[in-house]
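Fold and contact review
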Amino acid sequence: MAMAEMAIMDRSGDSKLIWDKDNADEVENAKRTFDDLKKKGFIAYKVEGEQGDKGEIIKKFDPTAERLIMAPPLVGG
Amino acid sequence: MTGDYKLSYSTATWTTWNTNYVVTNSTSTSQTVWADWNNLYEATGTATNSNVITITWQSWSEEAWTRAYARTSAQANRRHYYAAPAAETEEDRAARRARQAQREAERAAVVEAERQERAAARERGRQLLLANLSAEQRAEYETHQRFHIRTPSGRRFCIEHGRAHNVFELDAAGRRIREFCGHVGEHVPDEDNVLAQKLLLENDEETFIRIANVRQLA
């Protein structure tokens, strides 16, 4: 069972969505969540490797990703 | 009313008053006034120097007061409308204080629940941030509430804990030369904000600089 995790930044700190990459339904659910957040302007980062690695911005859901961070869009202050 | 009031001005005043009210008996100016007053309210006493005040107050107390308030129902109602509320009993006071104490306790519970919610959110944000910092960045952040990053373009930035005006570009000597204000638009803990700034700077520096407001420092 290969687990993947999506951390969604929100008021509570972050909400975690965890899914089994081998489970098609769970993958579909994760993709749907990803797409919904992208429509709201969230920026998706795929993070791998050692802590502190910058990761990369992804525009489409990657079913092979192990860790995703969904960050709300930034605005000028 | 005494002889002090027998000045020409006051005499004229009382004369007018008396004339208007058809004075029937008078022995002096002051007596005329009170006699007239007594007449209006059907005082029974005879107005004499020594009895003026007595009769007036008698009239007022027994006749005028009763007649004035009994004249119209509106007056009677007005008196009722302005009646003072019943005094609060000890029981009422205790019940009122108990209700007040309950409301205050409920308010305090709500405030405490919100405080705990905010503290829990900050801790979750902190854990997510620390999980995405290198060991060196983590140590610096936990000590100084800031950390440094180097972007793909080679520029060096210092990101301080906070929400706005917390990102600084450094020169080769490590001096702050520009301040950037670009933050998460939604309400998230500052720890999440700092992580979002780090990720965007490292992955799309151009977009961050375009979005953020810039202030030259050096």
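Turning our attention to the overall build of chain B. Tallying secondary structure elements over chain B gives eight helices and five strands in all. Starting at the N terminus and walking to the C terminus, you meet the elements of chain B as α-α-α-α-α-α-β-β-β-β-α-α-β. Counting over 218 residues, chain B shows a buried share of 31%. Considering only residue pairs separated by 6 or more positions, chain B has 38% of its internal contacts joining residues 24 or more positions apart. Carbon together with sulfur atoms contributes 51% to the accessible area of chain B, which is approximately 14,000 Å² in total.

The next thing to look at is unusual backbone geometry. Residue and element names in this part refer to chain B. Phi is positive for glutamine 145, close to 60°, though the residue is something other than glycine. Summarising the element assignment, glutamine 145 is placed in the loop between α6 (135-144) and β1 (146-150). Among the residues examined, glutamine 145 registers a relative accessible area of 37% and is labelled partly exposed. The phi dihedral of histidine 165 falls on the positive side, at around 55°, and the residue is not glycine. Following the sequence through the fold, histidine 165 ends up in the loop between β2 (156-160) and β3 (167-170).

So, on to the side chain of aspartate 14 of chain A. When you line up the elements, aspartate 14 of chain A lands in strand β2 (residues 13-20). A polar contact is formed between the side chain of aspartate 14 of chain A and the side chain of lysine 16 of chain A, at a distance of 2.8 Å. Excluding anything up to four places from it in sequence, aspartate 14 of chain A contacts Ala7, Ile8 and Met9 of chain A together with Arg124, Leu128 and Asp192 of chain B.

The partner chain B presents 36 residues to the 28 residues of chain A that form the contact. In total, about 2,500 Å² of surface goes out of reach between chain A and chain B, with carbon and sulfur atoms giving 58% of it. Applying the counting rule to chain A against chain B returns zero salt bridges. The interface formed by chain A and chain B includes seven residue pairs in polar contact (both at pLDDT 80 or more). Here the side of chain A that touches chain B gets four residues from one element, more than from any other, and that element is β2 of chain A. Partitioning the side of chain A that touches chain B into residue classes produces 13 nonpolar, eight polar and seven charged. One ladder, built from three bridges, connects strand β6 (residues 74-76) of chain A with strand β4 (residues 176-184) of chain B; its direction is antiparallel. Looking at the pairing, leucine 74 of chain A lines up with valine 184 of chain B of β4 of chain B.

About the criteria used
- Residues numbered from 1 in each chain as written.
- Chains lettered and ligands numbered in written order.
- Predicted model: local features only at pLDDT ≥ 70, side-chain atom pairs only at ≥ 80, totals over all residues.
- Heavy atoms only, no water.
- Helix = DSSP H or I, 4+ residues; strand = E, 2+ residues; numbered from the N terminus.
- Buried < 20%, exposed > 50% of the residue type's maximum accessible area, 1.4 Å probe, protein only.
- Contact = heavy atoms within 4.5 Å.
- Areas by Shrake-Rupley, 256 points an atom, 1.4 Å probe, with all protein chains shown as cover.
- Polar contact = N/O pair within 3.5 Å; in protein donor to acceptor, adjacent residues only side chain to side chain.
- Buried area = accessible area lost by both parts, 1.4 Å probe.
- Salt bridge = Lys/Arg side-chain N within 4 Å of Asp/Glu carboxyl O.
- Nonpolar A, V, L, I, M, F, W, Y, C, P; charged D, E, K, R; others polar.
- Pairing = 2+ DSSP bridges.

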